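Each chain, letter by letter, is given below.
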Amino acid sequence: MKVVLEVSNLWKFFGKSPVLRGVSFSVREGEAKVILGPSGAGKSTLLRCINLLIKPDRGSIILDGEEVTAPGVNVARVRSKIGFVFQHFNLFNHLTALENVMLGLIKVKGMNRDDAFKVARESLLSVGISEDLWSKYPAQLSGGQQQRVAIARAIAMSPRLVLFDEPTSALDPELIWEVLRVMEKMSKERMTMIVVTHELGFAMKVADEVVFMDSGAIVERGPPEEVILRPRNERVRRFMERMQYVYSLK
């Protein structure tokens, strides 16, 4: 499979403190890579560097053969290839669900409204947002519905890669399954994804590889049944024991 993304020796400092310390990995087409680790490990910073929301201090990011960290790169064009699903939805409150999805298609892709409507409609239906919800504003939707609209907005742009930054952490427990079900469907359809999450059951089901980060570095990586259930690293083992207790995997 073709390599879609290659991250090499990525460093990021906030002040004098390194938040990312030499992170390197690649993502192949159709792969679902899940990143686990404690709070403050650098997981969200890594995603934001990939999407150029944060500029890394050292290292390189290559997307479809192009070094997107090179000077003079067209940032807007790079971001148009990468979908980003945030923890807190980031929908425009003054736009309806349908308008939220159509906006990028019109403003970034340059589609006319009729074509944008057709693409947005298919994207919303694919994530289980029925037509009766399209005219509703974010405040009129549940958290799970809002996050599914955010996913629809991301996939409507036909991205090469979708980044998920703890997409269920702001949801009530009974709504989490709505979002995880959509993401599992995307994985089965071989959407290329990087998912930062604490949902171990989801990781066990969909991840082609699990990456464990701590203190800005990759500590362990491998198939989910190894990293989650039989980790080699002592730090990872302690983390997984606690998480498995919380999620009742044992």
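Residues numbered from 1 in each chain as written. Predicted model: local features only at pLDDT ≥ 70, side-chain atom pairs only at ≥ 80, totals over all residues. Heavy atoms only, no water.

J.: Explain the nonpolar core residue by residue, including any values.
T.: Ranked by internal contacts, the top residues of the largest apolar core, which has 52 residues, are I151, F164 and M240. Once residues within four sequence positions are removed from consideration, I151 is found in contact with V85, V127, F164, V179, V182, M183 and M186. If you look at the next biggest cluster of nonpolar residues, it comprises 30 residues, including V27, I35, L47 and V68. (Core = buried A, V, L, I, M, F, W, Y, C linked by side-chain atoms within 4.5 Å. Buried < 20%, exposed > 50% of the residue type's maximum accessible area, 1.4 Å probe, protein only. Contact = heavy atoms within 4.5 Å.)

J.: How would you sum up helix 4 (residues 113-126)? Please name residues and give values.
T.: Given 3.6 residues per helical turn, the α-helix brings residues three or four places apart onto the same face. Compared with an ideal rise of 1.5 Å per residue, which puts 14 residues at 20 Å, helix 4 spans 20 Å between its outermost C-alpha atoms and is within 8% of the ideal. All of the buried residues along helix 4 are A116, A120, S123 and L124. Down the axis of helix 4, the smallest arc covering the buried residues is 95°, so these residues share one side. Residue N112 occupies the N-cap position of helix 4, its side-chain oxygen lying 3.1 Å from the main-chain nitrogen of D114. In the segment just after helix 4, G128 is the residue with positive phi, at about 80°. (Helix = DSSP H or I, 4+ residues; strand = E, 2+ residues; numbered from the N terminus. Expected span 1.5 Å × (residues − 1). Arc of directions from axis to C-beta. Polar contact = N/O pair within 3.5 Å; in protein donor to acceptor, adjacent residues only side chain to side chain.)

J.: Talk me through the sheet that holds strand 9 (residues 209-214); I want residue IDs and the actual numbers.
T.: On the basis of which strands lie adjacent, the open sheet formed by six strands has the order 6-7-8-3-9-10 and mixed pairing. Single-partner strands in this sheet number two, and they are strand 6 (82-85) and strand 10 (217-222). In this sheet, adjacent strand axes meet at a mean angle of 20° when their direction is disregarded. When strand 3 (residues 32-36) meets strand 9, the two strands line up parallel, connected through four bridges. Following the sheet pairing, K33 is matched in strand 9 by E209. Helix 5 (residues 143-156) contacts strand 6 and strand 7 (161-165) of the sheet and is inclined by roughly 175° relative to strand 6. Its contacts with the sheet place helix 6 (residues 173-188) against strand 3, strand 7 and strand 8 (193-196), and it is angled at close to 150° to strand 8. (Pairing = 2+ DSSP bridges. Axes fitted to C-alpha atoms, helices over the stretch in contact; angles between N-to-C directions.)

J.: How would you sum up helix 6? Please name residues and give values.
T.: With 16 residues, helix 6 should reach 22 Å at 1.5 Å per residue; the first-to-last C-alpha distance of 23 Å fits that figure. Of all the positions in helix 6, only L175, I176, E178, V179, L180, V182, M183, M186 and S187 are classed as buried.

J.: Before we move on, can you summarise the packing of helix 4 against helix 5 with the specific residues and values?
T.: Contact pair helix 4 / helix 5: the axes reach a minimum separation of 8 Å and the direction vectors enclose 135°. As the angle between them shows, helix 4 and helix 5 are arranged oblique. The hand of the helix 4/helix 5 crossing is right-handed. Where helix 4 approaches helix 5, its residues V119, S123, L124 and S126 are matched on the opposing element by V149, A152, I155 and A156. When the residues that make up the contact of helix 4 with helix 5 are grouped by side-chain class, the tally is six nonpolar, two polar and no charged. (Parallel < 35°, antiparallel > 145°, perpendicular 65-115°, else oblique. Left-handed = near helix turned anticlockwise from the far one by under 90°. Nonpolar A, V, L, I, M, F, W, Y, C, P; charged D, E, K, R; others polar.)

J.: Describe the environment of M1, listing the residues and the values that go with them.
T.: Considering the arrangement of structural elements, one finds M1 in the segment before strand 1 (3-14). Using a relative accessible area of 65% as the deciding quantity, one classes M1 as exposed. The residues contacting M1, other than those within four sequence positions of it, are R28 and E29.

J.: Before we move on, can you summarise the pattern of salt bridges with the specific residues and values?
T.: Oppositely charged side chains may form a pair once their charged atoms are brought near each other. Summed over the entire model, instances satisfying the criterion amount to 19 salt bridges. In this structure, K205 and E184 form a salt bridge, with 4.0 Å as the shortest nitrogen-oxygen distance. Of the two residues, K205 sits in helix 7 (residues 200-206) while E184 sits in helix 6, which places them 21 residues apart along the sequence. For K205, a relative accessible area of 63% gives the class exposed. Under the relative-accessibility criterion, E184 is labelled partly exposed at 22%. Of the charged contacts, one joins R190 and D208 as a salt bridge, the two residues approaching to 3.4 Å between their closest N and O atoms. Of this pair, R190 sits in the loop between helix 6 and strand 8 while D208 is found in the loop between helix 7 and strand 9, placing the two residues 18 residues apart along the sequence. A residue is classified by how much of its surface remains accessible, and D208, at 35% relative accessible area, is partly exposed. Each member of the salt-bridge network shares a partner with another, and the members are K2, E29, D64 and R160. (Salt bridge = Lys/Arg side-chain N within 4 Å of Asp/Glu carboxyl O.)

J.: Tell me what's going on with the sheet that holds strand 5 (residues 66-67), and back it up with residues and numbers.
T.: One open sheet accounts for four strands, arranged 2-1-4-5; its pairing is antiparallel. What marks the edges here is a single partner per strand, and that holds for strand 2 (17-28) and strand 5. Bridging between strand 1 and strand 2 involves nine bridges; their strand directions are antiparallel. The partner of L10 across the bridge, within strand 2, is V23. Its contacts with the sheet place helix 1 (residues 43-50) against strand 1, strand 2 and strand 4 (58-63), and it is angled at close to 60° to strand 2.

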